Amino acid sequence: TSTSQPHNPPPPPPPTPPTPPGSGDGIVVNDADYVRILNNHVTVDGIGITASNTKYLNITKNSIYKNGKCGIVFYSTENSYIIANVIINNGANGVVLTKSDTTYIDNNTISKNARYGILLTNEFNKKYYKTGPVNVHITKNTINGNSWDGVCIYNAGDNINIKGNTIDANKVSGVSINSVGTYKIQSNVITNSVSGVSFEEEYTQIKDQEISYNAIFGNSQDQVEAETSTSVERLYVAVDWYMFRGV
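Here the structure is a predicted model, which means the values were calculated and not measured. (Residues numbered from 1 in each chain as written. Predicted model: local features only at pLDDT ≥ 70, side-chain atom pairs only at ≥ 80, totals over all residues. Heavy atoms only, no water.)

Draft legend 1. Structural context of the overall build of the protein. A tally of helices and strands in the protein yields zero helices and 27 strands. Counting over 247 residues, the protein shows a buried share of 47%. A sequence separation of at least 24 residues applies to 50% of the contacts in the protein between residues at least 6 apart. Summed over its atoms, the accessible surface of the protein is roughly 12700 Å², and 50% of this surface lies on carbon and sulfur atoms. (Helix = DSSP H or I, 4+ residues; strand = E, 2+ residues; numbered from the N terminus. Buried < 20%, exposed > 50% of the residue type's maximum accessible area, 1.4 Å probe, protein only. Contact = heavy atoms within 4.5 Å. Areas by Shrake-Rupley, 256 points an atom, 1.4 Å probe, with all protein chains shown as cover.)

Draft legend 2. Main features of the pairing of strand S15 (residues 134-139). Note: strand S10 (residues 101-106) against S15, five bridges, orientation parallel. Bridge pairing in S15 links Ile 105 to Ile 138. Taken together, the four bridges between S15 and strand S18 (residues 160-163) define a ladder with parallel strand orientation. Bridge assignment links His 137 to a residue of S18, and that residue is Asn 161. (Pairing = 2+ DSSP bridges.)

Draft legend 3. Quick peek at the side chain of Gln 209. Topologically, Gln 209 is positioned in strand S24 (residues 209-212). At 2.6 Å, the side chain of Gln 209 forms a polar contact with the side chain of Tyr 203. (Polar contact = N/O pair within 3.5 Å; in protein donor to acceptor, adjacent residues only side chain to side chain.)

Draft legend 4. Structural view of unusual backbone geometry. The backbone phi angle of Tyr 56 is positive, close to 60°, even though this residue is not glycine. Relative to the helices and strands, Tyr 56 resides in the loop between strand S4 (49-55) and strand S5 (57-60). The phi angle at Asn 89 is positive, at roughly 55°, despite the residue not being glycine. Within the secondary structure layout, Asn 89 lies in the loop between strand S8 (86-88) and strand S9 (95-98). The class of Asn 89 is partly exposed, set by a relative accessible area of 33%.

Draft legend 5. Examining the side chain of Thr 121 more closely. Along the chain, Thr 121 falls in the loop between strand S12 (118-120) and strand S13 (123-124). When near neighbours in sequence (up to four residues on either side) are disregarded, Thr 121 contacts Val 96, Leu 97, Thr 98, Lys 99, Gly 132, Pro 133, Tyr 154 and Asn 155.

Draft legend 6. Examining the environment of Leu 97 more closely. Within the element layout of this structure, Leu 97 appears in strand S9. Classification of Leu 97 as buried rests on a relative accessible area of 0%. Among all residues touching Leu 97, those that are not within four sequence positions of it are Phe 74, Thr 103, Ile 105, Leu 119, Leu 120, Thr 121, Pro 133 and Val 136.

Draft legend 7. Structural view of the environment of Asp 45. If you trace the backbone, Asp 45 turns up in the loop between strand S3 (41-42) and S4. Its relative accessible area of 52% is what places Asp 45 among the exposed residues. Expressed as a C-alpha distance, the spacing of Asp 45 and Lys 66, which sit 21 residues apart in the sequence, is 8.4 Å.

Draft legend 8. The arrangement of the pairing of strand S23 (residues 195-199) in detail. Across the five residues that make up S23, a large majority, five, are buried. As defined by bridge partners, strand S20 (residues 173-179) adjoins S23 across four bridges and the pair is classed as parallel. Among the inter-strand pairings, Ser 173 is bridged to a residue of S23, identified as Ser 195. Taken together, the four bridges between S23 and strand S26 (residues 222-226) define a ladder with parallel strand orientation. Within S26, the residue paired with Ser 198 across the bridge is Glu 225.

Draft legend 9. Local environment of the packing of aromatic side chains. Counted according to the given criterion, the structure contains six aromatic pairs. On the numbers, 5.1 Å between centres and 80° between planes, the contact of Tyr 116 with Trp 148 is edge-to-face. With Tyr 116 in the loop between strand S11 (109-111) and S12 and Trp 148 in the loop between strand S16 (142-144) and strand S17 (151-155), this residue pair connects regions lying 32 residues apart in the sequence. The class of Tyr 116 is buried, set by a relative accessible area of 17%. Classification of Trp 148 by relative accessible area gives partly exposed; the value is 36%. (Phe/Tyr/Trp six-rings, centres within 6.5 Å; stacked < 30°, edge-to-face > 60°.)

Draft legend 10. Structural view of the environment of Asn 58. Its place among the elements puts Asn 58 in strand S5. Using a relative accessible area of 25% as the deciding quantity, one classes Asn 58 as partly exposed. Placed 21 residues apart in sequence, Asn 58 and Ile 37 show a C-alpha to C-alpha distance of 6.1 Å.

In structure tokens form, the structure reads like this:
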């Protein structure tokens, strides 16, 4: 009689190489509503947190740092909250809003990012929208040490509010305004940049603006800088701004 020999099992397939830690974007929210992101440390090669086509997103008490690109990017979002986060040392902008409706950015530390601390725009990743974000509330944040402007309103719609922030030692301007609808800039401390508040060449003054009760001082070039524009006959800055050097 013949004895059958056991077959040797085939060798196991080679293991799938592990994904390098932190590659790509960190947390991606797309087509999802009522999402809460709480108490995370986010450090990746791409964008820390990105959200699109989303309503009622809450990003609270996260450390979003040393990401290769932006810290947080919103586009096509509604009723979103960025609250009490640390957003520092990112490779591009700290926070980007585009085509977003009703966003609250409150009580964050937004510091030492490689471009803007906060950018409001109508363009992201080569996609252009008719208008930028509307109904934005930037309140009680510490925005300091960013390589470009602390807050840049490049292109935004109506009801943009910047209130009660400490905006210090950004490398270019504390706040720059290019194209915007109705807005209020109130009760901020804006110090130690090249310009405190800069109105760029494309800025067109509108009737429904309010700029008041800000402390703007210690900026090396201008406390308030307005580029020459034929669309602005006179730029009105409320008399209750406190400036230790001139406009």
